[in-house]
Amino acid sequence: MTQPEVAVPGGPAAGAGAGTPPDVIHNIGYRNYNGPRLGRGYARLALFSQSLRGAYGLGRSAKSKVLPMILFGAMCAPALIMVAVAIFADRTDLPVAYTRYAVILQAVITLFVAAQAPQSVSRDLRFKTTPLYFSRPIERVDYVAAKYAALTVALFLLTAIPLVILYVGALLAKLSFAHQTAGFAKGLVSVLLLSLLFAGIGLVIAAVTPRRGFGVAAIIAVFVVSYAAVSAVQGVASNQENYDAIGWLGLFSPITLVDGFQTWFLGATSAFPHAAGPANAGVGLLYLLVLLAVIAGTFGLLMNRYRKVGLS
Amino acid sequence: MIATESLSKRYPRVTALDRLSVDVTPGVTGLVGANGAGKSTLIKILLGLSPATEGRAAVLGLDVATDGPQIRSLVGYMPEHDCLPPDVSATEFVVHMARMSGLPPTAARERTADTLRHVGLYEERYRPMGGYSTGMKQRVKLAQALVHDPKLVLLDEPTNGLDPTGRDEMLGLIRRVHTDFGISVLVTSHLLGELERTSDHIVVIDGGKLLRASSTSEFTQATASLAVEVTDREGELLTLLTGAGLTAQASGHLLLVDIADEATYDTVRDAVAGLGVGLVRMEQRRHRIAELFIDDDTTATREDAPSKEGDGRDAA
């Protein structure tokens, strides 16, 4: 096929300088690769970093950077405002607890998952790139783990950076160091679990909807509808002063699951009506178990999903 | 390169491969079969992605059942279908695929630039692939299979969807993958005609069974014949040619002469000139895939469907 042949450019000009050898472009032909082949672990890491960068539109078109960056800004802006308030209004504590921050901004997190989970997996399915991945040294579990970890880390960055802003701001405002550090640590645990949970649910839905638009809509629907339903029924229970039921109901939507878990284990103030939270240790433990089961379950579902995709 | 031993793959309702035993030696090997003959299934098994129901297979001396990842790091695969995301450039995509094969970042960039140049993609490699022609896409697909310098590439229907010129270019490129790059090739097609010119060896499978495996030269010897059309006196010509020791038969206005060696052409020319008639045409003709099947009694029934596909290539 067309291949640059040996060329001697320069012509008369190059020939003029006597003694200087003329510039030559050599056609070096095909070269074999004898360098290292780093194998499976490295390939998994490459897929992870490509997916993580992709979640923020890095290494992709300018257009695909817009939404994640806007959402990232929307997550951080309230934290900056709160920090400003804490510093200038001479308060003794931040206006919002670390564990509460993500719950308040759940809409932004949901939008991020809805936009980026399909970006991460639906594209590979839609454009049939997955067979190329599986023709590489990685195994199914590597693909799933890399995608899961990438979206989890992307969400963790989205939710933890505002907490860092809050924490740094709180220290600048000379609020109690011990109290703030404890709150910050609990906040990080909370958003880590939230990231795992949201990433898992988002990826499972995205992995069964190759059309990206449907994936986005389905993810938003699952998060919003389940939250709306749980809140509505909790409202009814609250009117009937059935506070135990409120605690139970929280198990049925992702964000209330995180809320109930952190209320019991991290001493957070619940966003449920009357700040009801799990009624007793049994229900509190159940929150933890359900949370872990959903995370493990979504991983299992993804593994199962890619069993079928294989090469075709 | 590849050795399979009574390899079978059965799905609940179909048998995709039926006790297939083939040996693929270094060089370019064509795997021919109609759609659904089991070509893609075989490739999946060879990559260690789909377990065989029974039998064994080894690629580069590695067992497909246990050494899948190692095989895949030394083998390239070009799928039959589209597999390119439209919103990234060829360079970015191939670099990523190189890293997925275990190449360190710098090596991945260098190899990508080299490989894309070798498959004939230049400035356009920085543009998003959504705007590429089918021919360019096929080249990127080939490049991603070659980027990690494999010992063997498996190409699944690489000429699919290409126009005649594109086909010829792709076939030339495949030939070069072996001659210039030193990489062995297993290329599938449902057209025997196009693989004859590219491959050193041909393996024909049908319904998951091995029909025939031999070197291309044997194929050509067994199948080449010369079609001769003259303006008049076909009968006398036939007698002359048979008298000269050639095997010939009349087929309507055409005479089909088996090519024994180079001298056959001269004999025909002299005979026609001797008769003083006009020579309308004299062309080399290969037997079609259908005629191959007739050689095997068992599959004579399948002659119709593949023969049409064979014709398609000749016409092109």
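In the annotation of an unreviewed UniProt entry, the entry for chain B reads ABC-2 type transport system ATP-binding protein, and the organism field reads Actinacidiphila bryophytorum. Per UniProt, chain B has the following entry under Sequence similarities (unreviewed entry): "Belongs to the ABC transporter superfamily."

Identification of chain A as Integral membrane protein from Actinacidiphila bryophytorum is taken from an unreviewed UniProt entry.

Colleague: Please explain the overall build of chain A as it appears in this structure.
Modeller: If you tally the helices and strands in chain A, you get 12 helices and zero strands. Order of helices (α) and strands (β) in chain A, N terminus to C terminus: α-α-α-α-α-α-α-α-α-α-α-α. A compact globule built from 312 residues should have a C-alpha radius of gyration of about 20 Å, whereas chain A, at 26 Å, is more than 25% larger. Seen along its three principal axes, the alpha-carbon backbone of chain A occupies a region of about 95 × 55 × 30 Å. Residues counted as buried form 43% of the 312 residues belonging to chain A. When contacts within chain A are restricted to residue pairs at least 6 apart in sequence, long-range pairs at least 24 apart make up 74% of them.

Colleague: Any chance you could explain the UniProt feature "transmembrane region" (unreviewed entry) in chain A here in plain terms?
Modeller: Residues and elements named next belong to chain A. Mapped onto this numbering, the UniProt entry annotates "transmembrane region" (unreviewed entry) at residues 66-89, 101-118, 148-172, 184-208, 214-233, 245-265 and 285-303. In the segment residues 66-89, helix accounts for 96% and strand for 0%; the C-alpha atoms at its two ends are 34 Å apart. Overall, residues 245-265 shows 81% helix and 0% strand. The separation of its end C-alpha atoms is 19 Å.

Colleague: Honestly, helix α9 (residues 212-239) of chain A in this entry has me stumped. Any pointers?
Modeller: Since one α-helical turn is 3.6 residues long, residues separated by three or four positions face the same way. Counted at 1.5 Å a residue, the expected span for α9 of chain A with its 28 residues is 40 Å, and the 40 Å between its end C-alpha atoms agrees. Tucked inside the fold, the buried residues of α9 of chain A contact α5 (106-126), α8 (177-207), α10 (243-249) and α11 (254-265) of chain A.

Colleague: Any chance you could explain the environment of L121 of chain B here in plain terms?
Modeller: Residues and elements named next belong to chain B. When you line up the elements, L121 lands in the loop between α4 (105-118) and α5 (134-146). Overall, the presence of 20 C-beta atoms within 10 Å leaves L121 in the buried class. In this structure, the C-alpha to C-alpha distance between L121 and D18, residues 103 residues apart in sequence, is 40 Å.

Colleague: It is not clear to me how the interface of chain B and chain A should be interpreted in this structure. Could you clarify?
Modeller: A common way to state how big an interface is: give the accessible area lost once the parts meet. Contact with chain B, which involves 38 residues of that partner, is made by 36 residues of chain A. At five residues, helix α3 (residues 90-100) of chain B tops the list of elements feeding residues into the side of chain B that touches chain A. Broken down by class, the residue content of the side of chain B that touches chain A amounts to 15 nonpolar, 11 polar and 12 charged.

Colleague: Explain the confidence of the model for chain B here, please?
Modeller: Low pLDDT marks regions whose predicted coordinates should not be analysed in detail. All names here are of chain B. Overall, the predicted model of chain B reaches an average pLDDT of 84, with 88% of residues at or above 70. Per-element averaging of pLDDT across chain B places helix α12 (residues 304-315) at the bottom with 40 and strand β8 (residues 152-155) at the top with 96. The low-confidence segment residues 294-316 (pLDDT under 50) makes 33 contacts with residues lying over four places distant or belonging to another chain. Overall fold confidence (pTM) sits at 0.82, and the ipTM for the predicted complex is 0.83.

Rules of the game
- Residues numbered from 1 in each chain as written.
- Chains lettered and ligands numbered in written order.
- Predicted model: local features only at pLDDT ≥ 70, side-chain atom pairs only at ≥ 80, totals over all residues.
- UniProt positions renumbered as here; feature names shortened; annotations may be inferred.
- Helix = DSSP H or I, 4+ residues; strand = E, 2+ residues; numbered from the N terminus.
- Rg over C-alpha atoms; globule rule 2.2 N^0.38 Å.
- Buried ≥ 20, exposed ≤ 12 C-beta atoms within 10 Å, placed from the backbone.
- Contact = placed C-beta atoms within 7 Å.
- Expected span 1.5 Å × (residues − 1).
- Nonpolar A, V, L, I, M, F, W, Y, C, P; charged D, E, K, R; others polar.
- pLDDT = per-residue confidence, 0-100.

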